[in-house]
Amino acid sequence: MSNAFAPRPFEDFEDDEFDLDMGYVAQGPAGPTGDDLSQPFPGEAPIIEGDVERRPPLQFTAPAVPTAPPVPQQHTTLSEPEAPGAEFNPVGDLVAGAQAAFSPPVIGGQTVEVSVPRIAIHVFAERQDTLAAAERAGQDRRLSRATTQIRVGGVAAAVEAYQHEPTPPLIVVECLKDPQTLLWEVDQLAEVCDAGTKVVVIGATNDILLFRELMRRGVSEYLVAPLQPLQLIAAIGGLFADPAQPFVGRSIAFVGARGGSGASSVAHNTAYAMSERIGANTVIVDYDLPFGTAGLDFNQDPLNGVADALSQPDRLDPVLLDRMMVRCTDKLSLFAAPATLDTDWEISSEAFEEVTTQIRATAPFVVLDLPHVWSSWMRRTLISADEVVVVATPDLASLRNAKNMIDLIKQGRPNDAPPRLVLNQVGVPGRPEIPAKEFGAALGVHPSLIIPFDAKTFGAAANNGQMILDAGAKTKAAEAFQTLAQIVSRREIPLLAGPSAAKAGGKSMFSGLFRKKS
């Protein structure tokens, strides 16, 4: 799936207002929903001619989580399989175009983020577009911990290869032949596979009876070519979902284009709006170990918190994480930085990755407050985050740094949406500024939000250890943070009921943003 977003037309920005970009809606190609076999599948009778009955199912690993079979609609026969070169994939178009594109997959009835462990994945593909999709999937951040090996050839090539080498935890094979031949080749593959190997089959026939027969034989998943990279990633993630962890929280990384851009303030206020206005459990992780301000902004005096977690990532468990966190409100917890210069913080990238992974299992949303530094762990954290928000001020230094960041993140996340841009401190009296329209055009990213300069409100909130929603609930900055919270969480603020709703006008958060100007 292409991830290139052309610059869109800009609206005229005003210094005293902010604008937003509510995101993107992936457009998948339309097409039919499937084809089926008009006759009963011959799996009900012996496949091998003669008196030899079919043997029991072979020892693949069945899927741990139930998956939905393809939806049949059109009818064909076993003698007329879908042509291998035909660009017909109702399942791939529907799933990849409408759900998988930039959206977490649905596994076991719950929406989760994909998390693939450190495993080896071997792909045997026949089509060129399948090879390209597998290559893009292997480069995706969600499979960064896995080792992907892509080979040309279908099931026959896999059978020949595994006669001389052990099988990996996951094999993805493609077979564009008719259903009988596909089943026969799957049987041959099972003869050379080790116990516990999961197998994903890519075929050309979209048929529910074939799907059921493959599942009966122990195949973990069946996909219909042509594939989209995110469709393959979602299928792999579903196979390795941990039943003990019903979800993996969505990580949202906030980073400043330059020092003093206000990225920490934007991150903390957005997280607070997500927890208080949207009602989502949220965790703030302050990774600015020597100069973090999360404790000050929330008027907390925590212990080392995140520093203790980074020093012993292999010992982390839910009980220990809960002790390290400070609960600011019922739905907001804080992993504060020690903010001390007594220690030289030399921490490996693997420690940051492990701590972030462990924290994501504690809440639906994890806000990462990243410092203005550049190192290997910063690069990996930005690329692996589910959402990246770059906070910039309308000046030349921010423009240059923001462009470097956005270009690098786009390159490292080919299957994800581009980072979101927030322009902060817009309209400082007497300061020459780059107009928002020109700033966004130079980056190729439309600003998701423009926050006006309000020294009085922000200064009072910072000095009192408050959030903008508490210090100035009626200000445009407070409205801006509520809007940004809805954008990054992909949730709307619940409508109030009773007298509060009447006082608020009973309108959605967005009703005031799209009103006509008089």
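Residues numbered from 1 in each chain as written. Predicted model: local features only at pLDDT ≥ 70, side-chain atom pairs only at ≥ 80, totals over all residues. Heavy atoms only, no water.

Chemist: It is not clear to me how the overall build of the protein should be interpreted in this structure. Could you clarify?
Modeler: Scanning the protein from terminus to terminus reveals 18 helices and 17 strands. Split into buried and exposed, the 518 residues of the protein put 51% on the buried side. (Helix = DSSP H or I, 4+ residues; strand = E, 2+ residues; numbered from the N terminus. Buried < 20%, exposed > 50% of the residue type's maximum accessible area, 1.4 Å probe, protein only.)

Chemist: How do you make sense of the pattern of salt bridges when you look at a structure like this?
Modeler: What the rule picks out here adds up to 18 salt bridges. Taking the shortest distance from any N to any O, the salt bridge between D386 and R141 comes out at 3.0 Å. Of this pair, D386 sits in the loop between helix 12 (376–384) and strand 15 (387–392) while R141 sits in the loop between helix 2 (128–138) and strand 6 (147–152), and the two are 245 residues apart along the sequence. Put simply, R250 and E387 hold a salt bridge, and the shortest N to O gap is 2.6 Å. In this pair, R250 sits in strand 10 (residues 250–256) while E387 sits in strand 15, placing the two residues 137 residues apart along the sequence. (Salt bridge = Lys/Arg side-chain N within 4 Å of Asp/Glu carboxyl O.)

Chemist: Please explain the sheet that holds strand 6 as it appears in this structure.
Modeler: Two strands in a sheet stick together by hydrogen bonds in their backbones, pointing the same way (parallel) or opposite ways (antiparallel). In spatial order, the strands read 6-5-7-8-9; together these five strands make up an open sheet with parallel pairing. The sheet terminates laterally at strand 6 and strand 9 (221–224), the two strands that pair on one side only. For this sheet the average axis-to-axis angle between neighbouring strands, irrespective of direction, equals 15 degrees. With four bridges connecting them, strand 8 (residues 198–203) and strand 9 associate as parallel partners. Note on strand 9: the bridge partner recorded for V200 is E221. (Pairing = 2+ DSSP bridges. Axes fitted to C-alpha atoms, helices over the stretch in contact; angles between N-to-C directions.)

Chemist: Sorry, what's going on with helix 14 (residues 436–443) here?
Modeler: An α-helical turn contains 3.6 residues, so any two residues separated by three or four positions project in the same direction. Burial in helix 14 covers these residues: A436, F439, G440 and L443. One side of helix 14 carries all its buried residues, which in axial view fall inside an arc of 90 degrees. Where helix 14 is buried, its residues touch strand 15, helix 13 (396–412), strand 16 (420–426) and strand 17 (447–452). Downstream of helix 14 by a residue or two, G444 has a phi angle that is positive, lying close to 75 degrees. (Arc of directions from axis to C-beta. Contact = heavy atoms within 4.5 Å.)

Chemist: Whenever I open this one, the sheet that holds strand 17 confuses me. Can you help?
Modeler: The eight strands are arranged 12-13-11-14-10-15-16-17 in an open sheet whose pairing can be described as mixed. Edge positions in the sheet fall to strand 12 (326–327) and strand 17, since each has one partner strand and no second. The pairing of strand 15 with strand 16 spans four bridges and is classified as parallel. Note that in strand 16 the partner of V389 across the bridge is R420.

Chemist: In this structure, what is going on with the pairing of strand 8? I would like to understand it.
Modeler: Among the six residues in strand 8, six count as buried, and that is most of the element. Burial along strand 8 is two-sided: the residues K198, V200 and I202 and V199, V201 and G203 are all buried. Relative to strand 8, strand 7 (residues 170–175) runs parallel, the two sharing six bridges. Looking across to strand 8, one finds that I171 is bridged to V199. Taken together, strand 7, helix 4 (residues 179–192) and strand 8 constitute a β-α-β crossover, and its handedness is right-handed. For the handedness criterion, the β-α-β arrangement of strand 8, helix 5 (residues 208–216) and strand 9 is classed as right-handed. (Right-handed = clockwise from strand over helix to strand, strands pointing away.)

Chemist: It is not clear to me how the side chain of R420 should be interpreted in this structure. Could you clarify?
Modeler: By secondary structure assignment, the location of R420 is in strand 16. A polar contact of 2.7 Å, which involves the side chain of R420, links it to the side chain of E387. (Polar contact = N/O pair within 3.5 Å; in protein donor to acceptor, adjacent residues only side chain to side chain.)

Chemist: Sorry, what's going on with the packing of helix 11 (residues 349–360) against helix 12 here?
Modeler: Describing two packed helices takes the angle between their axes plus the distance from one axis to the other. Put simply, helix 11 and helix 12 touch, their axes get as near as 8 Å, and they point 30 degrees apart. Of the two elements, helix 11 crosses helix 12, and the hand of that crossing is right-handed. Where helix 11 approaches helix 12, its residues S349, E350, F352 and E353 are matched on the opposing element by S376, W377 and R380. When its residues are assigned to classes, the contact of helix 11 with helix 12 shows two nonpolar, two polar and three charged. (Left-handed = near helix turned anticlockwise from the far one by under 90°. Nonpolar A, V, L, I, M, F, W, Y, C, P; charged D, E, K, R; others polar.)

Chemist: Explanation requested: the environment of V173 in the structure shown.
Modeler: Mapping V173 onto the fold places it in strand 7. Between the C-alpha atoms of V173 and A156, which are 17 residues apart in sequence, the distance is 9.2 Å. Not counting residues up to four positions away in its chain, the partners in contact with V173 are F124, V155, A158, L189, V199, V200, V201 and I202.

Chemist: I would appreciate a short explanation of the side chain of N424 in the present structure.
Modeler: Position of N424 relative to the elements: it lies in strand 16. Overall, the relative accessible area of 6% leaves N424 in the buried class. Within the structure, the side chain of N424 is placed 2.9 Å from the backbone oxygen of S261, a separation counted as a polar contact.

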